[in-house]
Each structure stands twice: as C-alpha cells, then as structure tokens.
4 protein chains.
Amino acid sequence: MTDQPIATAALVQQEAASLAVSLAPVYQDLHANPELSFAEHRTAALVADRITGLGYGVATGIGGTGVVGVLENGEGPTVLLRADMDGLPVLEETGLDYASVARGVDPEGNDVPVMHACGHDVHVTCLLGAAELLAARRDTWSGTLVVLFQPAEEAGGGAQAMVDDDLYARVPKPDIVFGQHVGPLPAGVVGTHAGPSFAATDAYRVTFHGRGGHGSRPQSTIDPIVMAASAVVRLQSIVSREVAGTDTAVLTVGTMHAGTKNNIIPDTAQIGVNIRSYEPHVRDRVVGSMERIIRAEAAASGAEREPAIEHTEAFPVLVNDPAATGAVTAVFADAFGANRVVDPGLVTGSEDVGMLATAADAPIVYWILGGADPQAFAAAYASGRMEQDLPGNHSSKFAPLIHPTLDTGIAALSLAALSRLSGTAATA
Amino acid sequence: MTDQPIATAALVQQEAASLAVSLAPVYQDLHANPELSFAEHRTAALVADRITGLGYGVATGIGGTGVVGVLENGEGPTVLLRADMDGLPVLEETGLDYASVARGVDPEGNDVPVMHACGHDVHVTCLLGAAELLAARRDTWSGTLVVLFQPAEEAGGGAQAMVDDDLYARVPKPDIVFGQHVGPLPAGVVGTHAGPSFAATDAYRVTFHGRGGHGSRPQSTIDPIVMAASAVVRLQSIVSREVAGTDTAVLTVGTMHAGTKNNIIPDTAQIGVNIRSYEPHVRDRVVGSMERIIRAEAAASGAEREPAIEHTEAFPVLVNDPAATGAVTAVFADAFGANRVVDPGLVTGSEDVGMLATAADAPIVYWILGGADPQAFAAAYASGRMEQDLPGNHSSKFAPLIHPTLDTGIAALSLAALSRLSGTAATA
Amino acid sequence: MTDQPIATAALVQQEAASLAVSLAPVYQDLHANPELSFAEHRTAALVADRITGLGYGVATGIGGTGVVGVLENGEGPTVLLRADMDGLPVLEETGLDYASVARGVDPEGNDVPVMHACGHDVHVTCLLGAAELLAARRDTWSGTLVVLFQPAEEAGGGAQAMVDDDLYARVPKPDIVFGQHVGPLPAGVVGTHAGPSFAATDAYRVTFHGRGGHGSRPQSTIDPIVMAASAVVRLQSIVSREVAGTDTAVLTVGTMHAGTKNNIIPDTAQIGVNIRSYEPHVRDRVVGSMERIIRAEAAASGAEREPAIEHTEAFPVLVNDPAATGAVTAVFADAFGANRVVDPGLVTGSEDVGMLATAADAPIVYWILGGADPQAFAAAYASGRMEQDLPGNHSSKFAPLIHPTLDTGIAALSLAALSRLSGTAATA
Amino acid sequence: MTDQPIATAALVQQEAASLAVSLAPVYQDLHANPELSFAEHRTAALVADRITGLGYGVATGIGGTGVVGVLENGEGPTVLLRADMDGLPVLEETGLDYASVARGVDPEGNDVPVMHACGHDVHVTCLLGAAELLAARRDTWSGTLVVLFQPAEEAGGGAQAMVDDDLYARVPKPDIVFGQHVGPLPAGVVGTHAGPSFAATDAYRVTFHGRGGHGSRPQSTIDPIVMAASAVVRLQSIVSREVAGTDTAVLTVGTMHAGTKNNIIPDTAQIGVNIRSYEPHVRDRVVGSMERIIRAEAAASGAEREPAIEHTEAFPVLVNDPAATGAVTAVFADAFGANRVVDPGLVTGSEDVGMLATAADAPIVYWILGGADPQAFAAAYASGRMEQDLPGNHSSKFAPLIHPTLDTGIAALSLAALSRLSGTAATA
C-alpha cells in the first residue's frame, strides 16, 4: 500500500461526511415522499435533476422510471453504482418528524399507505452523494462512471425491466457493478460476504375457490376461509419437515384476504406466498410442496375448482464475485478499520441487482450498510433479543440513523468505485 | 268460515297477481340499484314517493334512512307491515339482465361491490304492492295500517335505530307486526313456524396483534397471519366439540384480512366472526370459547399484545307468537291451499324485525316467502344436493323467481293484514 | 284404572326395593370385576348360575358369551328383557371401595385397564332382580318371559352375534323387547322417548402411511404424526361447516397412536373415528367428508400410499315404537308418579339392542334409567355446568348411585314386562 | 511421512479386511438379536467373552450393562475406542436373512419390536475387530488401549451412566477418545468434520390433560386428542417462523398416544418431542416456544390442568477437537486415499460419546463410517432424491452393506488408535 490511497481514503471519508450533512434534508424529503414500485416519478425527477446538475449525461424512463447518469472521464474501466428507489405499502409508525403519510395504489388497485420501510431512500441519497463526490474529484480517476437509479426492486421487476428496455444499448456496459443495502448492522459498519449472499425469491398469488353463501348455513357452501387458513397452517410444515435443518429456506404468507362481511361466506380467498432459498434442489422441493399442500387443502374442503397458483415474482440468488469481494473488503478494512467490516453471512433477503451484472457479464459486489443505532444494537445484542428488539427492514418502525449511515454509505460507494478507477488514473 | 273472506282471499290473490306484474319493473330497478346498510337513500326516496302517491302519511329519515307510511282508516287495530331495504357487499354473478354493477363504501371505508343478495328488493316490492292493494281496498277494512321500510337489517342496527329514533312517538304503536323473508322454498309457497324461529346473532371484529417485519426474517417478527389462520382453524372445534349434537350453533369466520405484500409480514390480521344460536346457554358457551381460543392462539404465537375482540352486532332470537302464527297459518292455508304452506322449522338466519314488535309490546308473525324456481328446487331435492345446488341467500348467484314470488308475497302481506283489520270492518 | 294394577305397581316397587338391597353386593362384585367385550366369561357364568337357580331354562354361549333364560308360564305373549354385560378399557378413578383394578386385552392385543364405565353392571343387576321378582310372582301373569344377557354392546357386535348364532331358533321369538340404559338423569327418574332415540354409529380405524426415519432428518421421511394430527384438526370442520346447525352429527377421534420413541419418525399413525347421526343424508355426508379429508391430508403430506380406512362398527338408529312407548310411559307415570318420568329427547349415544327387536320383527321400548346423585345433579343443573360437573358415561369417574338406581331399574323392567303379561293373567 | 507408517496402514487394512470376513457372522448374530437401551445383556456378555479371550482385562456392568476392556502395553498414551450397543423399538422391514424378529419392553412397559435400525451392531463388530487387530499387533505400539462398549446411546443416558458409575476410577482415563457412527455415506468412505458436528438433543414427554367421557357427548368433555393434535400442528411453526433460515433446529414429535376405544374420549394424550440444535440461543428459543405453544394449546381447549412437560433426555453438542480431527483426517487420507475421506458437515443426529471425553478432559474425534451400497447411493444422488430413496438411520429398512463397511470401520478405529500409540512404539 502506498501513502496515496490512504490519503485518498481519509479524504474520501471526510468529503463523504460533509456530503452526508448537506444531503440529510434530501434524505428526509425522500423519506417523507415514498413511492411504490414503478411509480417513483417524483423520486426519479429529483435524482435526474440533481445528477444533471452534477454534469452527468442523464437518461430517464428506462424500464419505466429508471434513471441513469453517465460520467465519461477518459480511458479506463466502466464502473456501475446502483441504488433502488421504491418504497413499500407499509403504514409508517416510526414517529419521526419526517415520517411518511403518503398513499399509493397497489397492483390490485387498492389505496394503501406507503413507507420507505426498506431504506431505499438511504440508497438513493448515498448514491447522489457518491455521484457528487466522484464528479468533484474526477481529477483523481479515469474511466467511465455509471450511476443507476432503479425502479421496483421490491417487486423484483425493476432490474429486469431496465435490462429489457435496452439499458446497455443506451449506457455503457459496466466492467463491474457495485451496490449496497442498508440493514441491521450498527451504523458505521459495512458487511461483505463472498459467494451466494442474498437468497433467491419466488412469490405466488394463490386464489382458493370455495362457494359462497349465508354465514348461517355453511353446509350449503364451501368455506374458502377455512380452506385458506388450513393451507396457511399446513404450509408451515414444509420448512419444519421437508427442508434439512442444515439447509436454508423461508416460506412466508405475507397477505391473506377474503370476504366482505362477517355473515357472508365468500366465494374465494387469496394469499400471497414468498419463498426464499439458496439452492435449486431446496427451492424445487419447497415450491413443489407448496403446490401440493395448496391443492390438497382445497381437496380437503371439497373444492369444486382447483386453486389458482400464479408465479408473480422470481429473483435469482445474488452471488458476490469472490475475487472482487475480497478486493473491496480490503479497501473497506483499510479505510474504515477492520473492526467496521464484518461478514454478515447469508442474507435471506433477495435482491435483483445481480441481473444488472449478469446482463453485462460483469462481476458484482453488493454489501450491507449498517443503519442501526449502535447503542440500541448493542443493547439488543446483549439482551439476546436482537431480532425481537431491533425493528428490521419492512417493519413499520424501521428508522436508520442518518449519521453515520449516510457518511459511511457515500464513502463506501466512492471508495469501491475509486478502487477500480483510480488505479488507471494513478497509472495515467 | 263465511263466504265473504273466501271471496276476499281469492280477490286479494287476483289483485296481488296484477300488482306483481305492474311492479316487476320496480323490482328490477331496485335489484339493479342496491345500497348498503344505512345508505339506502335512493331506495328510501323511491318508496317515500310511491306511498305518498298512494295517500299514506309519510315520515322519512327515521333511524337514518327509514321510511314509514301510515293509513288511518277508522276504528280498529293497528297493523304494522315491515320490509327491509339494504343490499350486501357481494359481487353479483347471476347473469341477470338487471344484475347489479353497483359499488358502495363499507364500514371500514373500502370500495366494495353491492348486490341484493338477500332479497330485500323482493321485500320492498311486495310491501309496495300490499300498500297499494290495501289502500285501494280500504272500504273492506277498518283500523290503522303502518307500512315500515327499515334500513340496515344486514348489520343488525336498523330496527334498533328506528326504535331509538322515537319511532313510536312518530307513528302509531302497532297491535301486531307482520313481515316476510324470501328464502329457499319453491316460489308460491310460504313457510310459518311458531315459537323461536330465527337465530340470535352475535358478530365480532377480532384484531390479532403480531409484529411485522421482512418476510425473509420471520424469526424477528410475530407472524399475525399464522396466528389468525391458526385461530380460524381452531375455532372450528367449538361447534364440533363444545356444542351438543342436539343443540344448534353456527360460528362462521366471514372475513379475513391481513397484509399488503407477500414479502412483508404485517403487524396485524383481522377476522370477522358471526355466531348463531337459539339458547342462552349455548350462546354463552360459544362466545366464551371463541374468546378463549382467540386469546390462546395469540399466546401460542407469543403475541406481546392481547387481540382486540369487538362486539359489533347483536340480534336477539326472533320468537313468532304461537297464537298469532296459528291464525296466520290458517289464513294462508285457506287462501293458498294447505300444500303451499309448510313449516320450515328453525332458521339459522337472524332478523332484527322482532325489535319492532318488542318495542311495541306486540306479537309478531314473520314468515318465509318461497323464491326458488320450483323445478330447480325439485331437482335439487331429488338429487339430495339441495344445499349445494340451489344458490341460497347471500350467494352471488341468488336470484328469486319474479313470479309467482311477488304475487305470493303481496298476497301474503295483504291477507295477514286483512285477517286483523277486516274483522273490524266486517263487524263495523 | 282398576285398583288391582295400582296395588300391583306398589307391590312391585316394594319388592324391587327389597331385591335392590339383597343384590347390592352382586352389583359391587360385578363392578369390581368388569370384562371387555366378548370376554364376559365370569359375568356370564354368574348370571347363568343365578337364573338357573331361579328356575329359568338357560342357554349359554350364544354369540360368544351371551346367556338367555326362559320362563314359560302358560299362554300369552313373549316378552324379552335385555341387559348388556361388557365393560370398557378405562382406568377407574371413582375412588369407590369396590372400584375395579381389572385388566384386559383389547382387540389390538394390548393389555388395558377395564372398568364398568357405562353402567352395564347396573343393567345386569337390575335384570337379575326383575328375573327374580317376576319368577317369584309368576302367579300374577301368564306368557313367556325371556331374560337376555348380551355380550359386547360397546363394540356393537354383540346383539348381531347372538342373532347370527341362531338366537331365535334357540329361544322363543319375542312379541316385544324391553331394556334400559343407566344415564345422567337423577336416580329414581326414568326417561322415555318415542321414535328415533339413540343415534346410529359408524366407527372407522384409519391407518396413515408415512415413511419413517431418524427424528433429526425429517426431510428424508414422510411424517405420519403431522399427517394424522393435521387430519384430526381438519376433521373438526365437518361438523362445524358441513352439517346444518339444526341437524345432528358427532364425529369423535377417540384414539390416536403412533411411534415408539421420540427420535424415530414412525412409518404409520393410526386413529379411531366414531360418528353419530340420526338421518341417512347427514350420515352419508359426514362419512364422505371424513374419507375425503383423510385422503387429502395424506396427499398434503406427500404420502406415497393411500391411508387405509376400515369400517369397524356400525349400529343402526334405535327407534322406539311410539304406541308401545306411550303405553310404557303411562305405566311408569302411574307407578312412579309423573314427575319421575321425563322425555330425554334424542340421545347421541348408540345401542345395538334394536337388532334383537328387528330380528324378531317386534317393537322395542328402551328407556333411560337415572343413576345420578339427585343433589349433585341439581347442583350441576343450577350452576349451568351440567355437562362439565357430572361425570357421564364412559368417564373414569362414572359412579351411579346404588339406591334408588337399582330399586327403580328392577321395578321398571318388572312393570314393563307385567304390563304385557299380567293382562293375560287377569283374563285367565 | 516415513515408509513405515505407510506399510503399517496397508497392513492394517489387509488385516482389517480379513477380520471383517471372520466377524461377519458375529455381526449378523448381533443384528438378529438387538436389545433395547440398558437391556443389552446378551450383547454385553458376548463382547465381554470375546475381549477376555483376546487378553484384555475386562470390567462389566459399568453403568448398567457397559463393558470395558483394557490392554496395558507399556509406556505411552491411553487411547479409548468406543462403540454403543443398543437397538431401537422399530419393526424391521429389511427383508434380510438375518433380520430381527426380537421384542423388548420399552420404558412405558409396552411390548415392542426391536431392531438395530441405527447400526450399533456395526459399531460393536468393528470395535471387536479393532480390539483383535490391535491386540495381535501389540508389538507395533506402546501405551494403553481401552475398548469401551456403551449401553443406551439412543436414550442418551448410557455414557452419563458409565461416567456416574465411576468409570474412570475403574479404567484408565484416556488421553483421547475415538469412535465412529455408521451413516448414509457410501461404504468404504469415512467422513470427518472439525468443530461442532453432532447436534444437541433435548427430549420431552408431554402429557395433555383433558377430561374424558362418552364419544357421543364431546360437550361434556375436554378432548385431549384435539388438544394434542392441535399442538403437534402448531409446533411446526417454531422451525418455520421462529428459527432463522440460516440457523439450524429440528423439532420432531416422534410419538403420540391417546385413547383406548373410538367411542371414549380419553382423559389424557401423550406426545414425545425431540429437539436438535447447535447453538444455545437457538436451543433456548425452540424449547421456550415449545413450552409456550403446548400451554397455549391446552388453554385453547379450556384444559383445567396444565400439561405436564418432562425433560427426559439431554445430549450436549458433540465438538470434534480441531487439531486431533485434522490429524486423524490426514491419517485416513493417507491410508484410504483422499477420495474416500469427505467432510459431511453438520449432522443433525446427536451422540453422547462426547461425555466420555469431557469427563476425562480429553479431546475427541468421532467420524462417520459409510454404510450405503455405493451404487444405490450414486443412483439416489443422481436422481436428486437422496433422502427419499436411501433408507437412513432409524428407518425400518436401514441395512448397511457388510463389506466394505466392516473392513473400513475396523481399519479406521485401528489406524486412529495407532496414530497415537505407534509413535511411542517407534520411539521406544
């Protein structure tokens, strides 16, 4: 290691901290104005406006609401930094000054509350910060920088939509993709893990068909609520009985909707199922067993019509490139100190960012950015109730600490980009 | 029996048949324009307009949207005929020309489809017919006729709301109350039963409190969907294990709602429970066991907060006065022939019409008006699949035959009223 | 009514009371030595010995362990009085001095405790008493008296086994059959009900086939315990959802057995199902739904082999002859007083005694004999917890009061018999 | 590596193969005569007799039926080789010529079938072989060899019982403990894993208290079968909802027993629960949730008495000493070739052998000995149905291949022992 990169790392962190302060109001504004998947119009306009002002060439409307900025800065590799922009249909209960009261329309046409319950507002803000930092310091590197703001990560269609919308015919194809996700590590800490890191997701919408009628005469009906409830209960036995203790799978029923009035047995009931896995044989068994159980529980109720099972979402496993991950981990350890860089192991969450790398045949490194209040984290850890006491992603109380989360996130993106780009500058 | 009433009965039926024809378009219009409980504005305006035109003194807005017409016609008893006006949040699937495509807003503020899935449009039309018939033939009777159009029978609050809104300070207190409900008997047939006839209803809104989070990390949440589904399944054991086979109780979970997205475990899940019973000791045990099971299933999930159990509806048992029922049954048998008058036994449905009688300290006779296509009825009966094959009340395919249902219903109301009123006329 | 029968009734009751005292030790001996179905060897020997001593012609070993005594006493009708002899595999917990500590071998070959938990010891003792009373007073009647001690009522095969073993080729065919069952009425009271009275029973042995393996590797097994438990839970929805509230059916899973060790997942699980009903359409639906649910729950587990469903027991509905029941009820009311004769309504228990009448094409009257401590009964009734507080038939704490239960039971059998036989004597 | 140990390894394998042939009849005899935990009298007598004949000093009856042989052979370390002796209550279905038809009495006093369904007969035979090989070649090593035959591994009490019975006051305390378990690897292969390797086990006997009664009157009972079945179903949600996908826990209900007759609702139901885990925080949560769910399901049924939860078994995690495991792995790879030595990862099975090491404060190395037909293994692997197609430990079809399983197992024990002992001889 020469002195120069060390100096760079310290300087980058200093500038990142400064940007974190200036961008905090932007973060709070984004947080207060979340938008659902593919409806990130205000967010997209905001980021397009800002990165245009920074001198990036900007393409908008890619894959719906996607925005990409390109900064060509001489010879060298192309580095893509990615943030996702969408919020979730969650009613915010953080009590923050800048809490969201926004509403949106979900895919079924319902009016729902919206919240940045997964921290994509942090991702956007950090990428705006890194875009500004790297543009300001373009004298220290050479190559092409692509900053990509993706729609609809939550539903899993955003990255694919951008790729399908000729992304890499419209912006340079990257040599490497970097990104980050805020999560339940202490703010100031980053987590890197080589190899399979984020789970594959498969989501299903299941409609059980019963036969409605008066609530007082169930014998003349086929009750779809008892049918669906029995299926939800029975689905628990897949993970408990059909997946080896040493394998990993999660099956969650996240929605259940049936009926309009307590004295009417409805015709149908609908559930939304989400499955996480890392290995094809585990995925196949869980999906197959889900289908088997759903059909059998409908049969147990005497359903006259098979339940409809629609495959609504599919994310692949995200595999961090081992070599590139090792390199980034070393950069982070040098910059932040080894005690601020951890290996979080497998994450059961899913991410579609890998599609942006796969479509470019490029490696990816995607890390966890700590967002938790270190004291709350330490207290939860000490109590042995980490998962009960610390509101996690998708919780209505999820509230990342602004500092040093933004500071670290801006620095991490900048340092990762520079690790690829500044070498060229150095040799230039 | 003298000749005169027989002649009257034949004449009444003939006039009722004629009115059934002239009112069929009114029925179809009502069917195509159903309104939810306490929102029967169009219906109330329509009936107020028509009975005003018939010469009734009309009071509107009683208990919200209730309408009452009074025809004072000399000395004699006061007879109250009642119809209920509200539709249900059901998406009509009858395929009728005059099927409803109406929408409404339910008590939770959701936009929902609306259908006359319980035949209150038949009740309103028949009462309009009887009001017209009895007004036209006021020379044959003496006394006071009250025709009452009630809101919100489905939710159980309409009769009480009218009583609480000083009903009997505004219109004469009846000496007897008559009414009818269209149901799964062949059209042309009426069903009378003395004593306890319609079940008591108790309805509950139950909110299970879990703790939300990311669908991939259930260990950091308390899953309210598994909690609620387990409760729904476990509630089945009340009727199967805690009610004697020879006692009667029905417990239906008619609604179940939780979650907005398959990868978010929500904070809460809500179910709507409806309980029917005829005897206090059975009701008390079922309600007690429901509360016990709901609390225990929340405890099984490790809920940190007790589920909320709100008592949203309560109907008493409807008890037909034995003497008055015997008299009406005899009138019907004389008029329609004994083979068109049956005893349907206990009905597990509920009715709040009894409150109108109780508040007046008057007896009540409330009968079933057949609405089923006799051939479909006979086929379903012969196949032993009556309850599976004949779409019943509250079904999205509930479609009473217009004739002779209206004919019989208009005649039945008129004959019952005349049985009390014409005696006085005869003696006058 | 003439004086004579009144005198007779009073005398009969006086003698019955005397016999109840002398037979109390026999009752206690029977209670302390219960035997399982078709294994009533000691009981059969005891009754054969006693009725031989009374002058009856005795046939033994009919249908296994059945014993019949015949007393021919001139011209006149043949009256059959019946008692059943078998105990149950229940561990007695009454704390009585004469409590059973007996053991037996059940049909599966297991060593089990045995108890007279259904009061067949009362039935045997009362019939011994009536046999003695009627033999002693043979001067007051004319005809043929048959006293029949049946094996295996509990399993439902005893009456059929006797009929199949040429019962009516070996003893005179009766003109009427009388019998009684001790139950939860106050001692001293009898209950008669005309028409369908005791439910039909169908029993099933269900074997679920999974695939065993190590408890730590469920993924390599098909867990039959989760399969069977899910089926037991799901079966509750038959009565709760598929039987009208106003119809009667009971489905009980009375046994569940699987596995030998907590760390071995077994290959199979077995449950015993018992179904009660009064009407064929209800029975057929419940049985059909049971089979459907059992197959579906096996399918939900991915079972590679269909569950085996064996129909192990079938009792028909017991229908008391209306005319004969009316006559017996009048006799009892005259003798005991009207307040000691009640109508218990439908009983969900089953009885195979009806087969003895059906095979002879004779009417039957079968009544309930009160056995409960009147004070305990009254307290339970007053508390509204009758069914919780009063240990019923098949309970390990079932303990009929010796007096006046035996007194009333001996008198009732004798009076019923005399009501048919003494008329002939009177005219002789 | 010098030539000498290589020559030794080849020679040891040659002699082990020869012993595998001569001991095959002993293996088949043991397999045909399995004995339950703590009842291994015949087995213990057989091994005591054989090792006495080999010149070992023999102690019997340690911890019940435990047998230990000691061969003191000069200066040097003490090495303990261990085999467990007990069979399982499984009905053998292998179809082998030497299949077991043995019966035993389980801890509840039931007569049950017995089978060596976990391969302890392999363990005993291999240890007899190694004992013979090492005694015959005592010129090549120096030190003390302890061969220990343990009772009751299945129930988890055997190792503790031997330790508690002053094991190490009666035989030399070892410097290292070796042992092996036959399992689902191809015969000829061994599997070693450093660190935590076999799961902790906690087993519970749970008695649900209901209130019995007649099957036709459930309303007067508290049905313990519905209670227990509901608990079994609900327990599935612990692993599915409360354990992170990336953590490991298995909860199996291996036994369920209730009732004696389908028409009697029993007083109680009993289940046997087995829990596997590797980490204290996971274990604590699973155990806590199990207790919570069992209590809540009893409460849901309205139980008047808390269920009894007895902790019947507790095995700690088995942790293979990393350094010693590395050394043994190298010895195996040298002797068998690297392709016959694999790392099987975590095993969810449990083992109490670790207690023998812990009590001596010695390291342990415990490996998996392949027993599967390599062709069947390969076919199962290729089909992706390994766990479904290959009968595993505790299955009624578990049938290790005799050769080369015994050959490899005798060689592995001998080589591991010699790796510690022969060094001393070499230096002698």
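What counts and how
- Residues numbered from 1 in each chain as written.
- Chains lettered and ligands numbered in written order.
- Predicted model: local features only at pLDDT ≥ 70, side-chain atom pairs only at ≥ 80, totals over all residues.
- Heavy atoms only, no water.
- Pairing = 2+ DSSP bridges.
- Helix = DSSP H or I, 4+ residues; strand = E, 2+ residues; numbered from the N terminus.
- Contact = heavy atoms within 4.5 Å.
- Axes fitted to C-alpha atoms, helices over the stretch in contact; angles between N-to-C directions.
- 1 Å grid on protein atoms, 1.4 Å probe; cavity = no way out; pocket = protein on both sides within 12 Å on 5 of 7 lines; lining within 4 Å.
- Points joined across faces, edges and corners; volume = space filled by probe spheres on them.
- Nonpolar A, V, L, I, M, F, W, Y, C, P; charged D, E, K, R; others polar.
- Least-squares fit on C-alpha atoms with pLDDT ≥ 70 in both.
- Parallel < 35°, antiparallel > 145°, perpendicular 65-115°, else oblique.
- Left-handed = near helix turned anticlockwise from the far one by under 90°.
- Buried < 20%, exposed > 50% of the residue type's maximum accessible area, 1.4 Å probe, protein only.
- Expected span 1.5 Å × (residues − 1).
- Arc of directions from axis to C-beta.
- Buried area = accessible area lost by both parts, 1.4 Å probe.
- Salt bridge = Lys/Arg side-chain N within 4 Å of Asp/Glu carboxyl O.
- Polar contact = N/O pair within 3.5 Å; in protein donor to acceptor, adjacent residues only side chain to side chain.
- Phe/Tyr/Trp six-rings, centres within 6.5 Å; stacked < 30°, edge-to-face > 60°.
- UniProt positions renumbered as here; feature names shortened; annotations may be inferred.

What follows is about the sheet that holds strand S6 (residues 143-150) of chain C. Residue and element names in this part refer to chain C. Here eight strands make up an open sheet; going across it, the order is S1-S2-S6-S3-S7-S18-S8-S17 and the pairing mixed. Either end of the sheet is taken by a strand with one partner, and the two such strands are strand S1 (57-62) and strand S17 (341-342). As paired strands, strand S3 (residues 78-84) and S6 are joined by seven bridges and run parallel to one another. Within S6, the position partnered with Ala83 by the bridge is Phe149. In this fold helix H2 (residues 41-53) packs onto S1, strand S2 (66-73) and S6, with an angle of close to 10° to the strand it touches most, S2.

Now for empty space enclosed by the protein. The rolling of a water-molecule-sized probe over the atoms marks out the regions of remaining empty space. Enumeration over the complete set of coordinates arrives at eight cavities of 30 Å³ or more. Space inside the largest cavity adds up to approximately 160 Å³. Lining the largest cavity are 20 residues, and of these Val239, Gly245 and Asp247 of chain B together with Val239 and Asp247 of chain C sit closest to its centre. For the lining of the largest cavity, the secondary structure elements donating two or more residues are helix H6 (224-242) and strand S12 (249-258) of chain B together with helix H6 (224-242) and strand S12 (249-258) of chain C. Among the elements that make up the lining of the largest cavity, the one with the highest residue count is S12 of chain C (three residues). Tallied by class, the residues present in the lining of the largest cavity amount to 13 nonpolar, five polar and two charged.

Bringing the relation of the copies chain D and chain C into the picture now. Here chain D sits on chain C after a turn of 180° about the axis and a move of 0.0 Å along it, with an RMSD of 0.1 Å. What the rotation and shift describe, once combined, is the action of a two-fold rotation axis. A shared interface surface links the copies, since 100% of the contact residues of chain D are contact residues in chain C too.

In the contact formed by helix H6 (residues 224-242) of chain A and helix H6 (residues 224-242) of chain D, the axes pass within 7 Å of each other and the chain directions differ by 55°. In terms of their interaxial angle, H6 of chain A and H6 of chain D are classed as oblique. The crossing of H6 of chain A and H6 of chain D is left-handed. Together, Val233, Gln236, Ser237, Val239, Ser240 and Arg241 of chain A of H6 of chain A and Val233, Gln236, Ser237, Val239, Ser240 and Arg241 of chain D of H6 of chain D make up the contact between the two elements. The residue makeup of the contact of H6 of chain A with H6 of chain D, split by class, is four nonpolar, six polar and two charged.

Before going further, it helps to spend a moment on unusual backbone geometry. Note the cis peptide between His403 of chain B and Pro404 of chain B, where omega equals 5°. Examined against the element boundaries, Pro404 of chain B turns out to sit in the loop between helix H11 (386-389) and helix H12 (405-427). Its identity as a non-glycine residue notwithstanding, Phe38 of chain C has a phi of 65°, on the positive side. Examined against the element boundaries, Phe38 of chain C turns out to sit in the loop between helix H1 (3-32) and H2. Its relative accessible area of 37% is what places Phe38 of chain C among the partly exposed residues.

With that settled, the discussion passes to helix H8 (residues 322-336) of chain D. All names here are of chain D. The first and last C-alpha atoms of H8 sit 20 Å apart over 15 residues, in line with the 21 Å expected at 1.5 Å per residue. Along H8, the residues classified as buried are Ala324, Thr325, Val328, Phe332, Ala335 and Phe336. On an axial view of H8, the arc spanned by its buried residues comes to 95°, and they lie on one face. Across H8 from its buried face, at more than 90 degrees, point the exposed residues Pro322 and Ala323.

Taken residue by residue, the interface counts 61 residues in chain D and 61 residues in chain C. Summed over both partners, the interface of chain D with chain C comes to about 4,900 Å²; 54% of that surface belongs to carbon and sulfur atoms. Where chain D touches chain C, the interface holds two salt bridges. A salt bridge links Lys261 of chain D to Glu313 of chain C; its shortest N-O distance comes to 3.5 Å. Broken down by element, the residue count for the side of chain D that touches chain C peaks at eight residues, all from strand S12 (residues 249-258) of chain D. Along the lines of polarity and charge, the residues of the side of chain D that touches chain C split into 21 nonpolar, 28 polar and twelve charged. Where S12 of chain C and S12 of chain D come together, three bridges link them in antiparallel fashion.

Okay, the packing of helix H2 (residues 41-53) of chain A against helix H3 (residues 120-136) of chain A next. Residues and elements named next belong to chain A. Packing of H2 against H3 brings their axes to within 10 Å, and their N-to-C directions diverge by 10°. Considered as vectors, H2 and H3 are oriented roughly parallel to each other. Of H3, the residues touching H2 (which contributes Leu46, Val47, Arg50 and Ile51) are Val124, Leu128, Ala131 and Glu132. When its residues are assigned to classes, the contact of H2 with H3 shows six nonpolar, no polar and two charged.

For the rest of this paragraph, the subject is the interface of chain A and chain D. Contacts between chain A and chain D engage 19 residues on the former and 19 residues on the latter. Contact between chain A and chain D buries roughly 1,400 Å² in total, counting both sides, with carbon and sulfur atoms accounting for 51%. Interface area lost by chain A to chain D is led by Gln236, Arg241 and Gly245 of chain A, which between them contribute 32%. On the surface where chain A and chain D come into contact, there are zero salt bridges. Linking chain A with chain D are eight residue pairs in polar contact (both at pLDDT 80 or more), by the criterion used here. Among the secondary structure elements, those contributing two or more residues to the side of chain A that touches chain D are H6 and strand S12 (249-258) of chain A. By residue number, the principal contributor to the side of chain A that touches chain D is H6 of chain A, which donates six residues. Looking at the side of chain A that touches chain D residue by residue, the class counts come to seven nonpolar, nine polar and three charged.

With that settled, consider the packing of aromatic side chains. Residue and element names in this part refer to chain A. Across all of its chains, the model carries 20 aromatic pairs over all chains by this definition. Seen in terms of ring centroids, Phe332 and Phe336 are 5.7 Å apart; in terms of plane orientation they differ by 40°. Their pairing is tilted. In this pair, Phe332 and Phe336 both sit in helix H8 (residues 322-336), four residues apart, roughly one turn of the helix. The pair formed by Phe332 and Phe336 is uniform in burial state, with each residue classed as buried. Within the aromatic cluster, the residues linked to one another by ring pairs are Phe178, Phe332, Phe336 and Trp367.

This part is about the pairing of strand S7 (residues 176-186) of chain B. Residue and element names in this part refer to chain B. The element S7 is largely enclosed, with a buried count of ten among its eleven residues. Note that strand S3 (residues 78-84) and S7 share four bridges and pair parallel. Within the sheet, the bridge partner assigned to Arg82 lies in S7 and is Gly179. Strand direction decides the pairing type here: S7 and strand S18 (residues 364-372), joined by eight bridges, are parallel. Counterpart to Pro186 in the pairing with S18 is Ala372.

The next point concerns the UniProt feature "binding site: Mn(2+)" (unreviewed entry) in chain A. Residues and elements named next belong to chain A. Those residues carrying the UniProt feature "binding site: Mn(2+)" (unreviewed entry) are Cys118, His120, Glu154 and His181 in this numbering. The annotated residues occupy 64 residues of the chain but converge on a single region, no pair of C-alpha atoms lying more than 12.4 Å apart. Tracing the backbone shows Cys118 in the loop between strand S5 (111-113) and H3. Residue class for Cys118 comes out buried when judged on its relative accessible area of 6%. Setting aside residues up to four positions removed in sequence, Cys118 forms contacts with Leu88, His123, Glu154, His181, Val182, Asn393, His394 and Phe398. Relative to the elements of secondary structure, His181 occurs in strand S7 (residues 176-186). Ignoring sequence-local partners within four residues, the contact set of His181 consists of Cys118, His120, His123, Glu351, Tyr366, Trp367, Ile368, Leu369 and Asn393.

The positions that UniProt labels "domain: Peptidase M20 dimerisation" (unreviewed entry) are, in the present scheme, residues 204-299 of chain A. Measuring from the first to the last C-alpha atom of residues 204-299 of chain A gives 19 Å, for a span that is 41% helix and 31% strand.

Here we come to the side chain of Asp86 of chain A. Residues and elements named next belong to chain A. Its place among the elements puts Asp86 in the loop between strand S3 (78-84) and strand S4 (103-105). Engagement of the side chain of Asp86 in a polar contact is seen with the backbone nitrogen of Glu154, the distance being 2.9 Å. Sequence-distant contacts of Asp86, defined by excluding residues within four places in its chain, comprise Glu35, Leu36, Ser37, Glu40, His116, His120, Pro151, Ala152, Glu153, Glu154 and Ala155.

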